[in-house]
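Listed below are the residues making up each chain.
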Amino acid sequence: MAAVSTPYDLYYWPVLPGRGEVIRMILEDAGVAYRDVARDEGFAAITAVREGALGEPRPYAPPVLKHGDLVLSQSAVIARYLGERHGLASSDERGRLLTQQHFLGWSDLMAETHETHHPIAVGLHYEEQRDAAKERAHHFLANRLGSWLDHFERIVSHGEGHHVPGVMTYADFMARFVIRGIEYAFPSTFDRHRPQIPSLLSLTERVEARPALAAYLASDRCLAFNEHGIFRHYPELDA
Ligand SMILES: N[C@@H](CCC(=O)N[C@@H](CS)C(=O)NCC(=O)O)C(=O)O
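Residues numbered from 1 in each chain as written. Predicted model: local features only at pLDDT ≥ 70, side-chain atom pairs only at ≥ 80, totals over all residues. Heavy atoms only, no water.

**Some points on the sheet that holds strand S1 (residues 8-11)**
The following threshold applies: Two strands are said to pair when DSSP picks up at least two bridges between them. Runs of H or I in DSSP of at least four residues are treated as helices and runs of E of at least two as strands, each being numbered from the N terminus. Every angle, taken between N-to-C directions, lies between 0 and 180 degrees, and every axis is a line fitted to C-alpha atoms, over only the stretch in contact when it is a helix.
A sheet is described by the order of its strands in space; here 4 strands give the open sequence S2-S1-S3-S4, paired in mixed fashion. The sheet is open, and its two borders are formed by strand S2 (34-36) and strand S4 (70-73), each paired with just one other strand. Across the sheet, the axes of successive neighbouring strands diverge by a mean angle of 20 degrees, strand direction being ignored.

The structure is reproduced here in structure tokens:
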């Protein structure tokens, strides 16, 4: 395994704040050296990695992390690797497993949010699936969002303000990212849910107040949410 001082290479789309963003948050919080390769070299760097430029087994989709000889994909795996190396993990196995479980729960919620604007096919534009998107968003907002938020609010309120009691973990970072993403995508609906999620809102603010993260979030390295990403604001879907 590479030494902590070995620089990290992150491969992720340079224009959209998606699954790579939580990886950037962990790297920035840790204050370690990393290269955001596609920001320097463009999309071609990601295409090359998907075609096996970093060796086999080749990753299917970004984010991808290269650290020394190690090449990892799947955001949950990368977040776990970095979180456990940089102080965002529980000291016991149960806590580490629960962290992974909760991170994957937030990933599921993020995927459902993405499907509100791409309900039929990721390869089609939003404009080509608008009617289905309206229907999908209606069901998501009416039935799923509140249920997911209740679930995580219960976990964090029973966990002394964290997913794992008393420990700041990479699952807490993921929660912050998804909460802000949903707030961006569905501002009116999110406003109605605010009173339901005091622990999640407090956790989001505490993550953002970590000094290195606060500096990153205020910097031009941090991409604003936009309509290329996973969390998109289409007012007609926020009914
Ligand atoms: N489960 C994977 C999903 C990876 C993924 O869907 N990446 C998106 C960007 S957020 C992508 O570039 N997908 C391209 C594709 O699936 O062809 C993860 O969590 O990393």
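**What to know about the side chain of Ser 199**
So the rule is basically this: Under the scheme applied here, a residue whose accessible area is under 20% of the maximum for its type counts as buried, over 50% as exposed, and between as partly exposed, the area being computed with a 1.4 Å probe on protein chains only. Working rule for contacts: check all heavy atoms of both residues, and any pair within 4.5 Å makes them a contact.
Take Ser 199: it is sitting in helix H9 (residues 198-208). Note on Ser 199: relative accessible area 17%, which makes it buried. In this structure Ser 199 touches Glu 153, Val 156, Ser 157 and Arg 206, once residues within four positions along its chain are discounted.

**Regarding the nonpolar core**
Nonpolar side chains tend toward joint burial in soluble globular proteins. This is how it is decided: Nine residue types can take part in a nonpolar core, namely buried Ala, Val, Leu, Ile, Met, Phe, Trp, Tyr and Cys, and a core is a set of them joined through side-chain atoms within 4.5 Å.
Among the nonpolar cores identified, the biggest contains 58 residues, and Leu 82, Trp 106 and Phe 173 are the most heavily contacted of them. If near-sequence neighbours (up to four positions away) are discounted, Trp 106 is found in contact with Phe 152, His 163, Ala 171, Met 174, Ala 175, Val 178, Ile 179 and Leu 200. In terms of nonpolar packing, the next biggest core, distinct from the first, is built from 7 residues, Ala 38, Ala 45, Val 49 and Val 64 among them.

**Thoughts on helix H5 (residues 93-117)**
Note the cut-off: Take the number of residues in a helix, subtract one, and multiply by 1.5 Å to get its expected span. By the criterion applied in these results, polar contacts are pairs of N or O atoms within 3.5 Å in which, for protein atoms, one can donate a hydrogen and the other can accept it, and in which residues neighboring in sequence qualify only through two side-chain atoms.
Here H5 contains 25 residues, and its C-alpha end-to-end distance of 37 Å stays within 8% of the 36 Å for a straight helix at 1.5 Å per residue. Measuring from the side-chain oxygen of the N-cap residue of H5 to the backbone nitrogen of Arg 94 gives 3.3 Å; that N-cap residue is Asp 92.

**Focus: the domain arrangement of the chain**
Operational definition: For every domain, the bounds stem from an assignment made automatically or drawn from a database. Reported buried area values correspond to the accessible surface (1.4 Å probe) lost by two parts on association, with both partners' losses combined. By convention in these notes, a salt bridge is any Lys or Arg side-chain nitrogen within 4 Å of a carboxyl oxygen on Asp or Glu.
Assigned domains of the chain: these are domain 1 (8-85) and domain 2 (93-237). Counting from both sides, the interface comprises 20 residues of domain 1 and, opposite them, 25 residues of domain 2. Here domain 1 packs against domain 2, burying approximately 2,200 Å² in sum over the two surfaces, 66% of which is carbon and sulfur. Linking domain 1 with domain 2 are 2 salt bridges, by the criterion used here.

**Topic: the site of the ligand**
This is how the line gets drawn: By convention in this text, a residue qualifies as near a molecule or strand provided that one of its non-hydrogen atoms is within 4 Å of it. The Shrake-Rupley method, run with a 1.4 Å probe sphere, supplies the accessible areas, and residue values consider only the shown protein chains as cover. In this count, Pro and Cys sit with the nonpolar residues alongside Ala, Val, Leu, Ile, Met, Phe, Trp and Tyr, while Asp, Glu, Lys and Arg are called charged and the others, Gly among them, polar.
Neighbouring the ligand are Tyr 12, Trp 13, Arg 19, Arg 50, Tyr 60, Ala 61, Pro 62, Pro 63, Gln 74, Ser 75 and Ile 230. A distance of 2.8 Å separates a nitrogen atom of the ligand from a polar atom in the backbone of Pro 62. Considering the ligand on its own, with 500 Å² of exposed area, one finds that the protein chains cover 69% of that surface. Class assignment of the residues belonging to the shell around the ligand gives a composition of 7 nonpolar, 2 polar and 2 charged.

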